[in-house]
Amino acid sequence: MKFYNSLSRKKEKFKSLVPGKAGLYTCGPTVYDFAHIGNFRAYIFEDILRRALEYRGYEVTQVMNLTDVDDKTIRGANENGVSLQEFTEKYKDSFFKDIEALGIEPAEYYPAATDHIPEVISLVEKLFEKGLTYKSDDGSVYFSVAKFPEYGNLAHIDKEGLRAGVRISNDEYEKDAVGDFAVWKAWDEDDGNIWWDSPWGRGRPGWHIECSAMSMKYLGESFDIHTGGIDNMFPHHENEIAQSEGATGKPFVHTWLHCAHLRVNGEKMAKSKGNFYTLRDLIEKGYTGREIRYVLISGQYRQPINFTFDGLAAARSALSRIDEFVRLAKDTAGDTESSGKMPGWIAESLDAFGAALDDDLNVPLALAALFSLIGNGNRAASAGELSPENAAHALDALRKIDTVLNVVFRTEEAVPEEVETLLVNRQEARLAKNWAESDRIRDEIATLGWIVKDTPDGQKLSPK
Ligand code: AMP
Ligand code: ZN
């Protein structure tokens, strides 16, 4: 497999530290609000990465942190007059619901920053021992960028621009503000009653050190892959490298991958710009998690995707082409299992699919391979040449492809509101023993792609 490594700025052949295993750290959400679908572009790219590694036989250990203490979460908790825990809990919960709706395979670990304060403190102590940090008058601890000669290698910072001794206490800042950054922030009035004790007095971790402490705890001092959105490259990831390598003297991460943004009218989708949609917003408008996933996987991860409702409509029609073929293949295969040699047209699509993923996760080409399989299958069926065995082979191939894309089969799809309403109406018709109306509604539900069965436990719905 080849990935474009942001550190070397080259496509490189991937070689993991331990053969057959891949350690992956993916920066997770700051739980101060509902994530928007721009955030999910990053998490879905990481999902494709993880699933592609698994497709190629790697046993993946993925860690995604939850940033539940930083400038934004503290502000939110204090403005709402609730504890940090209470404030962040509902956003954590909704994050897990959303990733499920988007068909994202769960990571092995979701460490929360507030559960790792001792790890942060011991990392800062190590940095002190190495002379890389200093305490400021207010009791905060800063990393001295001038003491770490490799600072700026990831984001290609002009070293001339380094302003030694200039301190930045904010978690987020632009490249032209590069300077010494806070790893431990002394308590101040704005923090209210949110603080932890440390050898430097009351305070709390900076955002960047959280990720260094948690990634190394779960994946070791050196690990394979670290990812995030392109905006995380500076200062967040640059600072993570400085803190981690500064403390251990070992290379921190081998391969850095960054995804481009989801845009709206050419601009980054962002909370601050007000041009964002949450998953809830779109589900309320009648779109499904599967359709949104399709839009978010359909661009190569290093290219921006422009979000539009036309794009969602295109996803819907692409998915219905897939559904039609799955239905056709299932009807044709019946109970027949695949046997004998896989026909060439299926094997070729599978090869093309794997090759596309191996080439820096080229999902557009991988989708082209999927649609070429569907096109060939449809042609064979119209010519009366799709045998039950080959239909079963096609379904096997689709299942394999779907271990990565997770859009072909509709197992976890949310039931559309329209279908829910029809189910309620049908239940009423049945209670009134109006069987004709009940059958009519069942047929209407079927035209929407769902099968309803009556069981002793009531109506049961499944995708057609
Ligand atoms: P945040 O919650 O702001 O720390 O962001 C969480 C993740 O979402 C980070 O990896 C960001 O880089 C990513 N992200 C935020 N906005 C976008 C966007 N419009 N497109 C792609 N990724 C984004
Ligand atoms: Zn991070």
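Overview of the structure. (Residues numbered from 1 in each chain as written. Chains lettered and ligands numbered in written order. Predicted model: local features only at pLDDT ≥ 70, side-chain atom pairs only at ≥ 80, totals over all residues. Heavy atoms only, no water.)

## Details of the sheet that holds strand E4 (residues 59-64)
And step 1. Strand order in this open sheet of four strands is E4-E3-E10-E11, and the pairing throughout is parallel. Strands at the two margins of the open sheet, each flanked by one partner only, are E4 and strand E11 (253-259). This sheet shows a mean twist of 20 degrees between the axes of neighbouring strands, independent of strand direction.
And step 2. Two elements, strand E10 (residues 223-229) and E11, share six bridges in a ladder whose sense is parallel. Its bridge partner lying in E11, threonine 227 is registered against leucine 257.
And step 3. The sheet contacts of helix H5 (residues 207-219) involve strand E3 (21-26), E4 and E10, and relative to E3 the element is tilted by about 160 degrees. (Pairing = 2+ DSSP bridges. Helix = DSSP H or I, 4+ residues; strand = E, 2+ residues; numbered from the N terminus. Axes fitted to C-alpha atoms, helices over the stretch in contact; angles between N-to-C directions. Contact = heavy atoms within 4.5 Å.)

## Some points on helix H8 (residues 289-297)
And step 1. Among the nine residues in H8, nine count as buried, and that is most of the element.
And step 2. Buried within H8 we find Gly289, Arg290, Glu291, Ile292, Arg293, Tyr294, Val295, Leu296 and Ile297. (Buried < 20%, exposed > 50% of the residue type's maximum accessible area, 1.4 Å probe, protein only.)

## Comments concerning the site of ligand 1
And step 1. Contacts to ligand 1 come from 15 residues, most closely from Gly38, Asp231, Asn232, Leu262 and Met269.
And step 2. Within the side chain of aspartate 231, a nitrogen or oxygen atom sits 2.4 Å from an oxygen atom of ligand 1.
And step 3. Between ligand 1 and the protein, one listed contact pairs an oxygen atom with a side-chain N or O atom of asparagine 232 at 2.8 Å.
And step 4. Burial of ligand 1 by the protein amounts to 92% of the accessible area it has alone, namely 490 Å². (Near = heavy atom within 4 Å. Polar contact = N/O pair within 3.5 Å; in protein donor to acceptor, adjacent residues only side chain to side chain. Areas by Shrake-Rupley, 256 points an atom, 1.4 Å probe, with all protein chains shown as cover.)

## A few points about the packing of aromatic side chains
And step 1. Following the criterion strictly, the structure yields 25 aromatic pairs and no others.
And step 2. An aromatic cluster is built from Phe40, Tyr43, Phe95, Phe96 and Tyr110, whose rings are joined through pairwise contacts.
And step 3. The residue whose ring lies beneath arginine 202 is tryptophan 195, and the NZ or CZ to ring-centre distance is 3.6 Å.
And step 4. Sitting above the plane of the tyrosine 4 ring, arginine 302 keeps its charged end 3.9 Å from the centroid. (Phe/Tyr/Trp six-rings, centres within 6.5 Å; stacked < 30°, edge-to-face > 60°. Lys NZ or Arg CZ within 6 Å of the ring centre and 35° of its normal.)

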